[in-house]
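As a plain string of letters, each chain reads:
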Amino acid sequence: MLISVVLACALVPAVPAQAQPTAADVSVAETAADGGADGAEAADRGADGAEAADAPAATVPDVESPLVVADEQTVATVAEAVPPSTAGSYDTAIADANRYQLVIVVRFAGDTTGDGDTGLNAVDPSVLQLTGRRLVERLNGFTDSPFLEPTLYSYVKDVSDGACRLQSIIPQADEDFRIRYLTLPRAREGYAYAVNVVEDALAAFNRAYPDFDGRSLDGDGDGYADNVLIVPEVNGSAPVIDSPLWPHKADYTGSGRIGAEGRAVRVGTYTMVDTSHGVSTGTIVHETIHAFGAKDLYRAGAKTEDAANRPVGVWDIMAEHAGSRLMRPLAITRQDCGWTKLEETGGGSVTLFAPGSGKRQAVKFKTDLNASEYFVAEFRRASDAAGGAAGLDMSVEGLPSTIGGSGLVVYRVNPVMKDAGNGNKGSKDYVYIFRPGETGAPRGDGAGDLRHAQLSVPGRATLGAADMAAGLADGAITYSDGQNSGIVVSVTEQSDDAITFKLEMPDVTAHDLWKSAVDGKGATALTESGFSDTSLVKAADGALYQVCSRLQSGTRGAGATVYRYDGSSWSSLGSLGSGYGSFSGAVYRNELYVAGVRYGAATTIGLWRWSGRAWKEVATVAAAANKPVLGVAGGALYLFADGSGSGAQLYRLTGSSLTPAGRRWGSGTIAGAHLFDVGGQPAVMAGNFNSDRTELWTLANGAWKVARVHSGFAQMVAGYQDGKHSFALTVTQDGALRLIDLAGTSGSGFGEKYSPSPLALPKAYTASLTLGGDRLYVALAEAGSQIARVFEASVGNRASWQQVGANVVSPSTAIDVGTIGDAVFVASTATPDDVPMLLQHGSVGPGAIVPAPPLPSEPAKPAPAPTPAPKPTPAPAPKPTPKPAPSTPAPAPSAPTPAPKPSSSAKAKPAPKPRATAFTKVKGGRRAITLRWKKQTKSVTGYQIRYSTSRKFTKKTTRTRWVKSTKKTSLTVKKLKAKKTYYVKVRTYKKIGAKYYYSKWSKVKKVKTK
């Protein structure tokens, strides 16, 4: 679907006239205006740090406020030397439109603005025109005059090179440019969420224009209106930031449609620009570009008048605009909108041409030092014109909000941050322009002379440094982690219409880089994105299996895809486990087994085996786990399920069944588990949240014996084991790593003394361990930066660790390490938008792949335990395992992938056992319910309340409220359906780090509204 546009009201003579309402004031009855609003008033925001207040379910906001020049409350104007005019001389009869948006102008209950000669129907004394006409022309106008301000239509058409020709459709505007307002059923202060305004506006429009043909809004034929713009009348009282009326774009997920029955289209994207901001073409254009897919290029909390903290500034309208002074978007913004595609160059002499030439204006280039980030060089031609297309690159020395001159702009693009950081609002920048005088590293302070960022001749002609020790403040072209790319850009020739530069790329062979694992033709099988986790399993013949878990959809997994690499060739084993997620693997009897978990009310773990030709489902068991763990001990295959806080259980594969081995482990929270063979018995090393220590549980003679490994809760455990060596690697919540040598233990587990060796390595977000020859390898993704690095030490001297090659990749959120022969391999992924990688250091060497050894005889079934294992009961839906962030938190997704928030039917006793509560009073009011409950403070952060029109609390009918304080013990839910029975329940929760733990639900109460 086209992610469409933002606009305000406009007359559309080229569109067949729609039926007009019979009066200037069109109201809609309150009973009809609710529409889907009450269903949208509260969304279940899950266990992700939600505020106590509800978020509306019918919108998915992905854009905050439009950036303004002087402050964040109003669109400031700049005292400009030659201001463009907006008075008259525009034509609005657009004949070449290919995209459309509906504009709905609304006012609030009790407001009469718009009646007579008020509001948009008032005459603007500065130009002696109706304000409504100025707005129409600002949206749909076009002209060849270089003195007139660009309009939305002309701006988008120009910067898209004619690809997008946007027309605003306003049935509320008559032929004299007078606007017929629609009146909403509530006063302005009665709207807590923007979606309520949208829902009421859609209902009002459909009632006022019952014969409207919504299909006229669907320019791309996807069944959705290209965009709907809501224009609330605010009478000069500009909304405050983040209030419901603050200008924004959001994705609408409700059921609202536009148009008569049989001619309606769905509403997918809407934009809101109030009348106080509608006077600024810049705000309208900024939000329009958002709707097409562009991201904000200013940093969170930044103001454009600040000297620092500006990664892009005047070079893109998504970073700055000056009210009537508009900026041209960068090529990366136009690519995000689907209007251009950046070509890649490998170096040498490159010529670029001016905007509007129809020729190449920008190129991208990258090195092997970073797998995802790249750089762009773009030609911008300055002009002294105040209006028209040329005015988008206006340059007047000393005038704010204009560029410094014609030349080549060089900037960095970090694709991971496009969505993860919502543009430049995250921990790193999505787009950063290099400029002279920058300070700080690695991100940069956003200081320096940004207006004069361009390279030109004569002038500053060179950017970059070949010295790899140079940094951002030294003028180097750096990556987001501060590493110098070694690239040097030098402008050699320039005219009004073109610029030529020399691109010098570094010799990366001198940097001992990690390279992609490829076959004899230089190809890899890893070509798909959509995976959230990846891991390696050593095959019996020495090759590596790479197990890639697909991104989950809601509470459902999407399966896994498995690949095999033998050092010289790739093969795909296909996909398995649709509906399952969070996969792990192990080799048992020379065959690959893979386990995954399916979340829901009846959580299930599945086990599959690769037969050599196809995947065969071996067994399933009703159990919960954040990520099931497979391992071999005593010649048998075991599966460990951590229970997601409801009690862990070890299972043994017996024939085609997974049967419990030993008793269930209480209800404590177990995290980061790894299975070992200790003296022929299965042993599990894991972090125990309740005891705040890391333990080794060994199953001997049917009973568990526990040994303390070290203090501190391990958020993950990795391990390596063969016939001679047995090592464990733990990562505690502060990111510290410890190595434990398990070889030589007696196997009893109980009373064993371990001597964990703290490793003098960077703090880790996630880590992995393997052994090749006599070398131990630790792969880690650093906390905070998420730079993947590998370190090695000899088995005999584990106190001395050295880095293997250069940094592997950045960023990495899931990492695993393995070996084939003499080569070391790292599997990594960053985000689901990225393709998983397998990177190699060193040569495999001869004889690395050998036939698998003969299969041992089938292991004998274990003797009956002294105490029969309890019959397993279906495990509840998983609860998130506490995994407090390292010293510098890293963004999601994490490895292993955390389980989703449990369903309402979960009854497990979570750790750390927040005390349950119960309702003391439930009372129905006029379209509202009031709830009171018992105060709880023991191990409690707050309360979670669910209400539904279904006694079964079905997903469609259920809403959730969060109360983030234990002191507040009452809640009134408003805007409900009248005379309707609601079912309610409450529970407490405890938040630790980014994880949530819940009490059991209270008894369900029912209450009826009046």
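Keep in mind it's a predicted model, so treat the numbers as computed, not measured.

Reading guide: rules and limits
Numbering of residues begins from 1 in every chain and follows the order in which that chain's sequence is written. Per-residue local features are limited, in this predicted model, to residues with pLDDT of at least 70; the limit for side-chain atom pairs, both in listing and counting, is 80 or more; totals at the level of whole chains, interfaces and linings are taken over all residues. Excluded from the side-chain calculation are hydrogens and water; included are all heavy atoms of the structure. By nonpolar core is meant a set of buried Ala, Val, Leu, Ile, Met, Phe, Trp, Tyr and Cys residues that side-chain atoms within 4.5 Å join together. Relative accessible area decides the class of each residue, using a 1.4 Å probe on protein chains only: under 20% of the type maximum gives buried, over 50% gives exposed, and in between gives partly exposed. Bear in mind that the domain bounds are from an automatic or database domain assignment. By definition, residues are in contact when any of their heavy atoms lie within 4.5 Å. For two strands to count as paired, DSSP must find a minimum of two bridges between them. Put simply, DSSP H or I for four residues or longer makes a helix, DSSP E for two residues or longer makes a strand, and each gets a number counted from the N terminus. Between N-to-C directions, angles span 0 to 180 degrees; the directions come from axes that are lines fitted to C-alpha atoms, helices contributing only their stretch in contact. For patches, a residue must show more than 30% relative accessible area and have no salt bridge; joins then use 9 Å for like charges and 5 Å for nonpolar side chains, namely Val, Leu, Ile, Met, Phe, Trp and Tyr. With residues, only the protein chains shown are counted as cover, and all accessible areas are computed by Shrake-Rupley using a 1.4 Å probe. What counts as a salt bridge is simple: a side-chain nitrogen of Lys or Arg found within 4 Å of a carboxyl oxygen of Asp or Glu. Counted charges follow a simple rule, with Lys and Arg positive, Asp and Glu negative, and His plus the chain ends left uncounted. A charged residue contributes its charge at one atom only: NZ of Lys, CZ of Arg, CG of Asp or CD of Glu. Think of it as the arc spanned by the lines of direction from the helix axis to the C-beta atoms. Any angle from 65 to 115 degrees is called roughly perpendicular, while one under 35 is roughly parallel, one over 145 is roughly antiparallel, and all others are oblique. A clockwise turn of the near helix away from the far one marks a right-handed crossing, whereas an anticlockwise turn of less than a right angle marks a left-handed crossing. Residues are grouped as follows: nonpolar covers Ala, Val, Leu, Ile, Met, Phe, Trp, Tyr, Cys and Pro; charged covers Asp, Glu, Lys and Arg; every other residue, Gly included, is treated as polar. Within 6.5 Å between ring centres, the rings of Phe, Tyr and Trp (the latter by its six-membered ring) count as paired, and their orientation is classed by plane angle as stacked under 30 degrees, edge-to-face over 60, tilted in between. Any Lys NZ or Arg CZ found within 6 Å of a ring centre and within 35 degrees of that ring's normal is scored as a charge over the ring.

Caption draft 1: Broad picture of the nonpolar core. Core analysis: the largest hydrophobic core is formed by 54 residues, its most contacted members being Tyr155, Ile289, Trp315, Ile332, Tyr411 and Ile433. Shared between two domains, this core holds at least three residues of each, these being domain 1 (99-292) and domain 2 (331-504). The residues contacting Tyr411, other than those within four sequence positions of it, are Leu330, Ala331, Ile332, Tyr374, Phe375, Val376, Glu378, Val431, Tyr432, Ile433 and Phe434. Formed by 37 residues, the second largest nonpolar core is a distinct cluster that contains Leu184, Tyr193, Val234 and Ile258.

Caption draft 2: Expanded view of the sheet that holds strand E31 (residues 615-622). If you trace the four strands from one edge of the open sheet to the other, you get E28-E29-E30-E31, paired in antiparallel fashion. Strands with a single pairing partner mark the edges of an open sheet, and in this sheet they are strand E28 (581-588) and E31. Along the sheet, successive strands turn relative to each other by an average axial angle of 20°, direction set aside. Bridge count for strand E29 (residues 591-598) against strand E30 (residues 604-610) is six bridges, and the pairing is antiparallel. Bridged to Val597 within E30 is Ile605.

Caption draft 3: Molecular detail of a positive patch on the surface. Where like charges cluster on the molecular surface, the positive patch consists of Lys921, Lys923, Arg932 and Lys1010. Along the polypeptide, Lys1010 turns up in the segment after strand E58 (1005-1008).

Caption draft 4: Up close: helix H4 (residues 152-159). The set of residues buried in H4 consists of Leu152, Tyr153, Tyr155, Val156 and Val159. Buried residues of H4 fall within an arc of 170° about the axis and therefore sit on the same side. Close packing links the buried residues of H4 with helix H3 (131-140), strand E6 (166-169), helix H6 (281-292) and helix H7 (331-336). Phi turns positive, to about 55°, at Asp161, one or two residues after H4.

Caption draft 5: Quick peek at the packing of H4 against H6. Here H4 crosses H6 at 45°, and the two axes come no closer than 10 Å. By the angle class used here, H4 and H6 are oblique. For H4 against H6, the interelement crossing comes out right-handed. Mapping the contact onto sequence places Leu152, Tyr155 and Val156 in H4 and Thr281, Ile284, Val285, Thr288 and Ile289 in H6. Tallied by class, residues from the contact of H4 with H6 come to six nonpolar, two polar and no charged.

Caption draft 6: A look at the pattern of salt bridges. Going through the model one piece at a time under the given rule, you end up with 29 salt bridges. When the shortest N-O distance is used, the salt bridge between Glu320 and Arg310 registers 2.4 Å. Of the two residues, Glu320 sits in the loop between H6 and H7 while Arg310 sits in the loop between H6 and H7, which places them ten residues apart along the sequence. Residue Glu320 shares its accessibility class with Arg310, and that shared class is buried. A salt bridge links Arg789 to Glu782; its shortest N-O distance comes to 2.7 Å.

Caption draft 7: Local environment of the packing of aromatic side chains. Scanning the model with the defined rule gives 25 aromatic pairs in all. Taking the centre distance of 4.9 Å and the plane angle of 85° together, the rings of Tyr580 and Trp608 count as edge-to-face. Taken as a pair, Tyr580 in the loop between strand E27 (570-576) and E28 and Trp608 in strand E30 lie far apart in primary sequence, 28 residues in all. One aromatic cluster is present, formed by Phe365, Phe375, Tyr432, Phe434 and Tyr479 through successive ring pairs. When the ring centre of Phe953 is taken as reference, the NZ or CZ atom of Lys985 above it lies at 4.3 Å.

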